[in-house]
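# Inside the fold
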Amino acid sequence: MTVCAIEVTTTAAFGIAADGSYAARLAGEGDALYAERWTLAGPEPYAVPLPLAQPEEADSEVLPLADGRVLIHRRVAERHAFALLYPTGAEAGPSTGELQLGGVDVREGVRVRLLPPCPDGAGAFALAAEDTMSTVWQVAGSPSGPRPVARIPGRCSGGVWLDRSGRLLALDRELDGTTKAVAVDLGRTEVSPLLQITEDSDDRLLLADPDSGLLLIRSDAPGEPRLGWGVLGSSLPLRFPECLARLGDARPFAVQPGQALMPETCGVALRLPEGDIGLWRPADRHVFRLGAPAGWLGGTGLWSPQGRLQLPYATPEVPCGILGLNLPASPPPPVVLDPPAPTAPRPVPLQQAPLAGR
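The present account deals with the structure reproduced in this document. Keep in mind that what you see is a predicted model, and the values were worked out from it rather than measured.

Turning our eyes to something else, we now look at the overall build of the chain. Broken down by element type, the chain carries one helix and 26 strands. Each of the 358 residues in the chain was classed as buried or not, and the buried ones make up 48%. Here the chain displays about 18,400 Å² of accessible surface, and carbon together with sulfur accounts for 53% of that area.

Here we come to the packing of aromatic side chains. Counted according to the given criterion, the structure contains three aromatic pairs. Their ring planes at 80 degrees and their centres at 5.0 Å tell us that Phe14 and Trp38 sit as a pair that is edge-to-face. Linking Phe14 in strand S1 (residues 14-16) with Trp38 in strand S3 (residues 32-39), this pair joins segments that are 24 residues apart in sequence. When its relative accessible area of 0% is taken as the criterion, Trp38 is described as buried. The ring of Trp229 has Arg239 lying over it, and the distance from NZ or CZ to the ring centre is 4.0 Å.

Spatial ordering of the open sheet is given by S9-S10-S11-S12, a layout of four strands whose pairing is antiparallel. The open sheet terminates on both sides in strands that have one partner only, identified here as strand S9 (111-114) and strand S12 (147-153). Neighbour-to-neighbour, the strand axes of the sheet open up by a mean angle of 20 degrees, direction not taken into account. Both strand S10 (residues 124-129) and strand S11 (residues 133-140) contribute to a ladder of six bridges, which runs antiparallel. By the bridge assignment for S11, Leu127 is matched with Val136.

In this section: the pattern of salt bridges. Between side chains of opposite charge, a pair can form when the charged atoms approach closely. Enumeration over the complete set of coordinates arrives at 15 salt bridges. For Asp203, the salt bridge is made with Lys180, and the minimal N-O distance between the two is 3.0 Å. With Asp203 in strand S17 (residues 203-208) and Lys180 in strand S15 (residues 178-185), the pair connects residues that are 23 residues apart, well separated along the chain. Among the residues examined, Lys180 registers a relative accessible area of 13% and is labelled buried.

Here the focus is the environment of Pro146. Inspection of the secondary structure puts Pro146 in the loop between S11 and S12. In the structure, Pro146 is positioned 42 residues away from Val104 in sequence and 7.3 Å away in space, judged by C-alpha atoms. Ignoring sequence-local partners within four residues, the contact set of Pro146 consists of Phe82, Leu101, Gly102, Gly103, Val104, Trp137, Gln138 and Val139.

Right, let's get into unusual backbone geometry. The phi angle at Asp176 is positive, at roughly 55 degrees, despite the residue not being glycine. On the secondary structure map, Asp176 appears in the loop between strand S14 (168-175) and S15. Its identity is not glycine, yet Leu261 carries a phi of approximately 65 degrees, on the positive side. Here Leu261 is to be found in the loop between strand S20 (251-255) and strand S21 (268-271).

Before going further, it helps to examine the sheet that holds strand S4 (residues 46-50). If you walk across this open sheet you meet the four strands as S1-S2-S3-S4, and the pairing is antiparallel. This sheet does not close on itself; its edge strands, each paired only once, are S1 and S4. If you compare each strand with its neighbour and ignore which way they point, the axes differ by 25 degrees on average. Two elements, strand S2 (residues 22-29) and S3, share eight bridges in a ladder whose sense is antiparallel. Bridged to Ala27 within S3 is Tyr34.

Of the pairings in the sheet, the one linking strand S13 (residues 155-161) to S14 comprises five bridges and is antiparallel in character. Bridging from a neighbouring strand, Val160 pairs with Ala170 of S14. Connecting S13 to the next strand, S14, in antiparallel fashion are six residues, including Gly166 with a positive phi near 75 degrees. Pairing analysis gives eight bridges linking S14 to S15, with the strands arranged antiparallel. Bridge pairing links Leu171 to Val182 in S15. Turn length for the S14-S15 hairpin, with the two strands adjacent in sequence and antiparallel, is two residues, and the turn residue Asp176 shows positive phi of about 55 degrees.

What counts, and at which threshold
Residues numbered from 1 in each chain as written. Predicted model: local features only at pLDDT ≥ 70, side-chain atom pairs only at ≥ 80, totals over all residues. Heavy atoms only, no water. Helix = DSSP H or I, 4+ residues; strand = E, 2+ residues; numbered from the N terminus. Buried < 20%, exposed > 50% of the residue type's maximum accessible area, 1.4 Å probe, protein only. Areas by Shrake-Rupley, 256 points an atom, 1.4 Å probe, with all protein chains shown as cover. Phe/Tyr/Trp six-rings, centres within 6.5 Å; stacked < 30°, edge-to-face > 60°. Lys NZ or Arg CZ within 6 Å of the ring centre and 35° of its normal. Pairing = 2+ DSSP bridges. Axes fitted to C-alpha atoms, helices over the stretch in contact; angles between N-to-C directions. Salt bridge = Lys/Arg side-chain N within 4 Å of Asp/Glu carboxyl O. Contact = heavy atoms within 4.5 Å.

Keep in mind these values describe shape, not function.
Here it is in C-alpha cells:
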C-alpha cells in the first residue's frame, strides 16, 4: 500500500495548535465578531479576546500558532489578506496587536482556505484550489510574506500532515474523474501517490498519526463510501471494520499520539452524524458512544499520549472550558466454545474404575 478539516460551529471554527498549547476561534454574536485565543497549557484553560476597531467578518478563518499568536485570514476587497494577532499591554488596558503578512489575489473560481495547524507550530499554510490546478501557499513563517511552495495538477481538498516537521502534506486530489490522496513534499515540491485502492475508487485521507503511522480513510472501494484504516508504509491491506460502517457519515477528528509501532492501540475520536462522540481503537470490534458535552465546539478535540481526550466547550456559565474523557478499557474478546469433537472412549485408569458389585 502506498500511502483538522475544522468544522463550523454556531459562531465560527475552532482550531487547536498541533502541540495543544493554544487554540483560537471567532467569538462574539451577530456582527460583533472578534478573534479569541485560548491558552490550554496551564492548569486551567483561559481565553483572551483579541478585538480590533472593526469587527471580523463571519467568513474569516483563525489558526493558533505555538508561540501564542493567532493567524487570521480575511477577504479584503480583491485580496485574501493574512495577519497575526497577539495581546499587548497598554496604559489604557489590554489591547490587540496586529502584524500584516501580505495577501494573495482573489481569482474567480479559486477557493482559498487555511490548512490545519502545521506540526512545527511556527509556519502556517493555505490551499488555493481551482479546477485544473491547486497551490499550497506558506502564509506565515516566511520572511517575505505569502509565497507559493507547491503546485499540484487537479483540484485538491482535505489536508493532513504526515510528519512532525511540517514537510509532508497529504491532499485529496480530484483528477480525471476520481479523487485520490496524494503526498506533497513541500521541501522538494514533489507529488507522489498516497492512496490507490482501486483504479476507479475515490480514496480520501481523513486523519493520520505520524508516531504510529495510523491512517483513517474514506473510500468507496468496498462498494459504498466507508471508513477504513491502515498503516503508513505497511504492506498489509486496508481494513474496513463493520463497526465503523454502522456509524454512517462519521468523521474522525482526533487520534492518540505517542503510540510508536502500535497503531492498533491508538484511540480515535469520531464525530457521529447525530452530533455525539464515538471512541474506537483499531484493535476493537466496537465503538464506544458518548453524548457530546453541552456547548462542544463541534468536531474538535485533542488526545494526550496517555489516552485522555480533551474536548473544548463554551457555555454562558463556562465561556472557556475543557472536558477530559479517558479512553475506556476494551472488554476482553468473547470466548467461542466449539462443540467437542467425537472421540474414541479412553480407558479409565484402574484407580478410578467403579467397583462393581459393592
